Amino acid sequence: MENNNEQNLEKKGIKFSFTKKIASVISFFFLIITLCAIIVIVSLLTAAPSSKDQTVVIPAGSSVAEIASILEKQELITSELVFKIVVLLKGSVLKAGEYAIPARSTVMQAAQIIHDGKTVPRFITIPEGLTVTEIYRIIDNAPVLTGELSIESQEGELLPETYRYDFGDSKDSIVKRMKADMNRKISGLWEKRDTAIPVKSIQEAVILASIVEKETGFAAERNRVAGVFHNRLKKGMPLQSDPTVIYAITKGQGAMEKALLRSDLSVASPFNTYMVAGLPPHPICNPGELSLKAVLNPEEHGFLYFVADGSGGHAFATTLEEHNRNVAEWRKINARQQ
């Protein structure tokens, strides 16, 4: 009987010891999990070392581990491991691109920015009245655009505007958008044109708009200048536009390096509207929306002439005699300004 009691006590002791060990192991793991949780929580709430706003580029095809490494190297997160845990638990989809990460961001904030895909906006502004060659130079020098310009363009095919783009976009993509925007814009405006105007096609409208664009930088004058050219076309008079002569000389490669001389007005070229009646063979630049609108809905008046008035605008005249007086006045003003 005593032996049985001793055996029972021994068994109970073994069970108690085993249970105690299991409890110790569970306690240990619980402690480890608690410590890990504390570390993760602290990392989530702790701001990154970077004390200034930074941009970071996430290449296409980057893994979560690679992105975490990029962020930690730029001191934009406190822990690669915690970043990967956050992305895993939230099911975040990280997108390639260029991102602005504010100074002292937390891991969660950095992960959310990349998940949202709100990349750094970049802009390229193409002024009105530039030739294709001049526009391509601007695109070619724009930061972070990729590739070579391989798309050919003709004068008048590109709509001047400010275009948004992202890191890694191609140069050709800007050209494609400019062409698409010009087609869309001129098609819409053509439908609303004054049907009494003497231009009979979209191409003719763009040609005349390119001349108006180069003739005046005053938005308020464009419709009036367009009206002058319409009046001359209706009467069969040559347009006599200096910018067309300049294009004939420069071939659209850039600005003319000298002042236009009277002798230049006799240059043999289909673009010389002093020598050739009607419109040039194609546009002399890429006109903006205001010039396109002006040509399609010009101001109605009797003016046939205009000349600079010294203020940046022009003096308009209905007769040659009145125009000659305006020219004489302009020469006096010009002489005083030199």
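Up top is the structure these notes are about.
Cut-offs applied
All residue numbers refer to positions counted from 1 along the written sequence of the respective chain. In keeping with the predicted nature of the model, local features appear solely for residues at pLDDT of at least 70, side-chain atom pairs appear and are counted solely at 80 or more, and the whole-chain, interface and lining totals rest on all residues. Water and hydrogen atoms play no part in the side-chain values, which are based on all heavy atoms of the structure. Numbering of helices and strands runs from the N terminus; a helix is a DSSP stretch of H or I covering at least four residues, while a strand is a stretch of E covering at least two. Any N or O atom pair separated by 3.5 Å or less is treated as a polar contact, with the protein-specific requirement of one donor-capable and one acceptor-capable atom, and with residues adjacent in sequence counted only for side-chain atom pairs. In this description, contact between two residues means that some pair of their heavy atoms is separated by no more than 4.5 Å. Basic side-chain nitrogens of Lys or Arg form a salt bridge, by our definition, when they fall within 4 Å of a carboxyl oxygen of Asp or Glu. Under the scheme applied here, a residue whose accessible area is under 20% of the maximum for its type counts as buried, over 50% as exposed, and between as partly exposed, the area being computed with a 1.4 Å probe on protein chains only. Any helix carries an expected span of 1.5 Å times its number of residues minus one.

**Focus on the side chain of K179**
At step 1: Tracing the backbone through its elements, the reader meets K179 in helix α6 (residues 171-191).
At step 2: Here the side chain of K179 touches E157 through a polar contact of 3.5 Å, side chain to side chain.
At step 3: In this structure K179 touches I151, E152, S153, E157 and L158, once residues within four positions along its chain are discounted.

**Here's the deal with the pattern of salt bridges**
At step 1: All chains considered together, the criterion is met by 10 salt bridges.
At step 2: Notably, a salt bridge pairs R184 with D181, separated by 2.3 Å at the nearest N-O pair. Of this pair, R184 and D181 both sit in helix α6, three residues apart, roughly one helical turn.
At step 3: The class for R184 is exposed, based on a relative accessible area of 55%.
At step 4: Ionic contacts of the salt-bridge type, sharing partners, join the residues K185, E289 and K293 into one network.

**Side note on unusual backbone geometry**
At step 1: Its identity as a non-glycine residue notwithstanding, E75 has a phi of 60°, on the positive side.
At step 2: Of note, E75 is situated in the loop between α2 (64-73) and α3 (80-90).
At step 3: Positive phi, normally seen in glycine, also occurs at V144, with a value near 65°.
At step 4: Within the secondary structure layout, V144 lies in the loop between α5 (132-140) and β4 (162-165).

**Focus on helix α8 (residues 222-235)**
At step 1: Here α8 contains 14 residues, and its C-alpha end-to-end distance of 20 Å stays within 8% of the 20 Å for a straight helix at 1.5 Å per residue.
At step 2: Within α8 the residues assigned to the buried category are R222, V225, A226, G227, V228, F229, H230, N231 and R232.
At step 3: Looking at the packing, one finds that the buried side of α8 touches α7 (202-215), α10 (289-296), β5 (305-308) and β6 (314-317).
At step 4: Just past α8, the residue G236 takes up positive phi, approximately 75°.

Everything listed is a geometric property; what it means functionally is a separate question.
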